[in-house]
Amino acid sequence: MASVASLGNVYMAGRQGLFLHCNIDHAVAIALAAAEHLSDGVAVERWVESASRWLDVKVRD
């Protein structure tokens, strides 16, 4: 994620962007967090720090 952030104003989010296998509730929570982050105008580097909390989610059967 850090290498993508170094490109500038590129935000990785969602199942594909974060390379996650997650449930729909995780996907919606990530989308809401990304939208809030973008609307606050916070730097992409802060999003990388924030988005890393989602990397441990697991698919539930």
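Residues numbered from 1 in each chain as written. Predicted model: local features only at pLDDT ≥ 70, side-chain atom pairs only at ≥ 80, totals over all residues. Heavy atoms only, no water.

### Re helix α4 (residues 44-51)
Buried within α4 are the following residues: Val-44, Trp-47, Val-48 and Ala-51. Angular distribution of buried residues about the axis of α4 spans 105°; they occupy a single face of the element. In the core, the buried residues of α4 are packed alongside α1 (2-5) and α3 (24-40). (Buried < 20%, exposed > 50% of the residue type's maximum accessible area, 1.4 Å probe, protein only. Helix = DSSP H or I, 4+ residues; strand = E, 2+ residues; numbered from the N terminus. Arc of directions from axis to C-beta. Contact = heavy atoms within 4.5 Å.)

### Looking at the side chain of His-37
Looking at the element boundaries, His-37 is found in helix α3. Only 3.2 Å separates the side chain of His-37 from the backbone oxygen of Ala-43, close enough to count as a polar contact. Here Trp-47 takes part through its backbone nitrogen, which lies 3.4 Å from a polar atom of the side chain of His-37. In contact with His-37, not counting residues within four places along its chain, are Tyr-11, Val-42, Ala-43, Arg-46 and Trp-47. (Polar contact = N/O pair within 3.5 Å; in protein donor to acceptor, adjacent residues only side chain to side chain.)

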